[in-house]
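The lines below spell out each chain.
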Amino acid sequence: MPRSLFRSGVLVRVGHTLLTWVTTLVLFLHDTDLRKNEERGDLLLPLLFFLLVVLSVLLYFTVSLMDPGFIQTDVMKTLLRHFQVDEESNEELESMIPQSSTPQLRRCGYCFLQQPMRAKHCQTCNHCVRRFDHHCPWIENCVGERNHRWFIVYLLVQLLTLLWALHFALSGISPSNSWESWFRVNIFLLATLVLVGVFSVVTAVLLCSHLYLASINCTTWEFMSSHRISYLKNYGDEENPFDQGVLCNLWDFFCVCRTVAWEHIYRQKQDH
Ligand SMILES: [Zn+2]
Ligand SMILES: [Zn+2]
């Protein structure tokens with residue numbers, strides 16, 4: 001039972017939610033700027049902070065529960081079925097099937113589905129994922145084609161929340177006559193400071209690295225394992241066949257919500 005709870009991600013999600021609200025409660029119960037504003041009747045600041053925390057939790061659940069781009073049907077089977085109807089469309093079919101200059105579509109060794117280019121099987125989720133980035137244990141979900149942009153938005157909101165919480169925790173630390181009593185009086189705020197500080201650093205590093213990867217149209221998996229990926233083996237460390245310039249990459253990443261046929265972009269790049 002505990003194993004299935006871990007696998008379904010319930011524990012990690014409950015843990016995240018609890019941690020978020022316990023630290024928020026600590027900030028509201030101590031003599032922080034939040035509390036001082038609240039006592040003065042100035043509710044704007046506490047309300048804004050509360051809404052930011054709610055937004056971060058909502059975004060957390062969005063990226064955690066949404067389909068990251070699981071492949072449910074065989075791409076090739078669907079393609080062949082579609083083109084069987086019209087025999088004169090052979091030329092069109094050929095143009096959609098990668099030719100010898102492009103690495104052939106791989107069949108997944110776990111779920112036996114034909115993988116589109118940039119897809120990878122996640123053994124934790126037991127699914128192939130389009131434009132696979134990585135499996136994130138904190139959201140207990142894959143980050144892929146459909147939720148990658150939301151993952152970055154979540155990281156941004158989470159970082160803002162953490163930095164603001166860090167400021168409020170610091171504002172609540174009260175002086176004392178001795179180290180011992182100072183430690184005793186501020187123990188919960190100090191624990192919150194350490195926790196929020198560590199999470200702030202991790203979130204900032206993740207946010208910067210994912211923004212960088214989005215700007216060059218590369219995934220964490222491709223960045224870490226380019227030497228093992230068939231379609232990247234022939235490219236040097238500095239070359240990326242999917243890179244279309246920083247602005248175009250960022251626009252496509254954040255603003256275009258559709259399934260991209262990376263095989264065509266790859267072939268176009270090769271033809272050039
Ligand atoms: Zn698979
Ligand atoms: Zn996964």
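Presented here is an overview of the structure given in this document. (Residues numbered from 1 in each chain as written. Chains lettered and ligands numbered in written order. Predicted model: local features only at pLDDT ≥ 70, side-chain atom pairs only at ≥ 80, totals over all residues.)

## Considerations on the nonpolar core
Our working definition: Core membership is restricted to buried Ala, Val, Leu, Ile, Met, Phe, Trp, Tyr and Cys residues, and these are joined into a nonpolar core through C-beta atoms within 7 Å. Any residue whose C-beta has 12 or fewer other C-beta atoms within 10 Å is treated as exposed, any with 20 or more as buried, and any in between as partly exposed, C-beta atoms being built from the backbone. Numbered from the N terminus, helices here are DSSP runs of H or I no shorter than four residues, and strands are runs of E no shorter than two. Start and end points for every domain follow an automatic or database-based domain assignment.
Counting residues in hydrophobic clusters, the biggest one holds 30 residues, and the most contacted among them are Leu27, Val129, Phe132, Phe151, Ala165 and Ala169. Counting only elements with at least two residues in this core, the list comes to α2 (10-29), α4 (44-65), β4 (127-129), β6 (141-143), α7 (148-172) and α8 (179-215). Per-element accounting of this core gives the leading share, nine residues, to α7. Composition of this core by domain shows at least three residues from each of domain 1 (2-66 + 147-201) and domain 2 (75-140 + 217-271).

## Focus: α4
Stated precisely, the cut-off is as follows: Expected helix span is given by 1.5 Å per residue-to-residue step, counting one fewer step than there are residues. Along the arc lie the directions from the helix axis toward the C-beta atoms. Contact definition: two residues whose C-beta atoms, as placed from backbone geometry, lie within 7 Å.
Its 22 residues give α4 an end-to-end C-alpha distance of 31 Å, which sits within 8% of 32 Å, the value for a rise of 1.5 Å per residue. Within the span of α4, buried status applies to Phe49, Val53, Ser56, Val57, Val63 and Ser64. One face of α4 carries all of its buried residues, which in axial projection span an arc of 135 degrees. Those residues of α4 that are exposed and aimed more than 90 degrees away from the buried face are Leu44, Leu47, Leu48, Leu51 and Leu58. On its buried face, α4 sits against α2, α3 (33-40), β6 and α7.

## Thoughts on unusual backbone geometry
Backbone geometry places Phe112, a non-glycine residue, at a positive phi of 60 degrees. Tracing the sequence through the fold places Phe112 in the loop between β1 (106-107) and β2 (114-115). Here Phe112 falls in the exposed class, since 9 other C-beta atoms lie within 10 Å of it.

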